[in-house]
Amino acid sequence: MPDRSTGLVFCERYLQHNTNPYRLWRSGNPLPFVEQVDHPSNPRLAQRTKHLLDLTGLSRRMVRIEPYPATEEDVTAYHTPAYVQRVREICAAGGGDTGEGAPAAPDSYEIALLAAGGVMAAVDAVMTGQVRQCLALVRPPGHHAMADRGMGFCIFGNVAIAAHHARRRHGVERILIVDWDVHHGNGTQDAFYADPGVLFVSIHQDGLYPPGWGAVEDTGTGPGAGYTVNIPLPPGSGDAAYLAAFTRVIAPIAARFRPELVIVSAGQDASASDPLGRMCLSTEAYRRMTAVMRDIAASSADGRLVVALEGGYSEIYAPYCTLAIAEELLGERTGIEEPLNPERVAAWRTSREVSHDQEQVIERVIAVHRERWGL
């Protein structure tokens, strides 16, 4: 029997966004091996996550929320009409790169619209009371996409588009977006950098991707000054540092902002097993971060929480991290065994201690935002 508190957005069509094989950055040629190498962002990541939810029975406990394609009007709330047209033409011509490392296949234009629409459908579901919270397993991801170009595997800015939709369709005035992907959410930051109605927080690995984005001092501009919060943790940060940032920075600022809707850009690539990051999060960290976000949503937004899939490239471990998120949303444990040894993970220093360099970053963030947010 579905738990009416939690929704799930998923569509098999998302798996048809397939940009294999992985290609060299400039020439566009496949890597010169006898056996081709799959693209890091391939359909198996979302497929294995959904499979885990099915095997554990969690997907049956969630209310199925059907995605719908975003319209061009929806997408151009952030992206330029010229870019949207370019994506359409690239896909019609058989595929290609939509910007900087954001490849598209022939079907990717329609699927990218469906991904943006999937997060919009999740917003609709929580805003109308169909469910209190919703997990959106969408692809391609979106948080790197800029107004005029794709970036970092992202074609359209799913979360940014959904936030604009929440305002236009549901009259939401204050939206909190927390991006815990290991890479900085540059596209989402760009969309709302001058906007005091959207508080954007990105906790990410310092200097990883994209270059030049995500500094502590990047706090917004004009009326949006102070409404962007960047927490660039040093490589090697683990559960203890992330949870310290959530409890000492994110939760207190959110309490003062009092969002009416909370959206998480949930990239599970800060995990200890991810090939594209150098962080050390365990599945338990994702569970506990989700708990903090649920508390934030409960305190001012009547529980309205959308968790939208972004990155996460460990085919073995990332699905377990998302499973932990789903378990926390539903308030239950499935008992499925974690692929890493729990005793060994608990013994890691990164799981138990905040190092000096991690503490310095957190203190710097607090100092920069103390005056506006009373930290």
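Here is what the cut-offs are and how they apply
- Residues numbered from 1 in each chain as written.
- Predicted model: local features only at pLDDT ≥ 70, side-chain atom pairs only at ≥ 80, totals over all residues.
- Heavy atoms only, no water.
- Phe/Tyr/Trp six-rings, centres within 6.5 Å; stacked < 30°, edge-to-face > 60°.
- Helix = DSSP H or I, 4+ residues; strand = E, 2+ residues; numbered from the N terminus.
- Buried < 20%, exposed > 50% of the residue type's maximum accessible area, 1.4 Å probe, protein only.
- Patch = residues over 30% accessible without salt bridge, like charges linked within 9 Å, V, L, I, M, F, W, Y side chains within 5 Å.
- Areas by Shrake-Rupley, 256 points an atom, 1.4 Å probe, with all protein chains shown as cover.
- Salt bridge = Lys/Arg side-chain N within 4 Å of Asp/Glu carboxyl O.
- Expected span 1.5 Å × (residues − 1).

Participant: Outline the packing of aromatic side chains, listing residues and values.
Facilitator: Enumeration over the complete set of coordinates arrives at nine aromatic pairs. Between the aromatic rings of Y83 and F156, the centroid separation amounts to 6.0 Å while the plane-to-plane angle is 85 degrees, which identifies the pairing as edge-to-face. One end of the pair, Y83, is in helix α4 (residues 81–92); the other, F156, is in the loop between β7 (150–151) and α6 (158–170), and 73 residues separate them in sequence. What makes Y83 buried here is its relative accessible area of 0%. According to the relative accessible area criterion, F156 is buried, its value standing at 1%. Between Y227 and W373, the aromatic rings sit 5.4 Å apart at their centres with planes inclined by 85 degrees, giving edge-to-face as the arrangement. Of this pair, Y227 sits in the loop between β9 (198–205) and β10 (228–233) while W373 sits in helix α13 (residues 356–373), and the two are 146 residues apart along the sequence. You'll find Y227 and W373 in the same group, each marked buried. Through pairs of rings, three or more aromatic residues link up here, namely Y83, Y109 and F156.

Participant: An account of a nonpolar patch on the surface is requested, with residue identities and associated values reported.
Facilitator: Taken together, the side chains of Y22, F33 and V37 define a hydrophobic patch exposed on the protein surface, amounting to about 260 Å² of accessible area. With respect to the element layout, Y22 can be found in the loop between β1 (3–9) and α1 (43–55). Judged by relative accessible area, Y22 falls into the partly exposed class, the value being 30%.

Participant: Run through helix α5 (residues 108–127), naming residues and quoting values.
Facilitator: With 20 residues, α5 ought to run about 28 Å at 1.5 Å a step, and its terminal C-alpha atoms sit 28 Å apart, in line with that. Taken across its 20 residues, α5 has 18 buried, putting it largely inside the fold. Just downstream of α5 lies G129, where phi reads positive at about 85 degrees.

Participant: Tell me about the environment of D107, and name the residues and values.
Facilitator: For D107, the position within the fold is in the loop between β5 (103–104) and α5. Classification of D107 by relative accessible area gives partly exposed; the value is 33%.

Participant: Please set out helix α10 (residues 318–330) residue by residue, giving values where relevant.
Facilitator: Side chains that are three or four residues apart share a direction in an α-helix, a result of its 3.6 residues per turn. Here α10 is 13 residues long and its end C-alpha atoms lie 19 Å apart, about the 18 Å a rise of 1.5 Å per residue gives. When you tally the buried positions in α10, you get eleven out of 13 residues, the bulk of the element. By the burial criterion, the buried members of α10 are A318, P319, C321, T322, L323, A324, I325, A326, E327, L329 and L330. Remark: G331 follows α10 within two positions and exhibits a positive phi of approximately 70 degrees.

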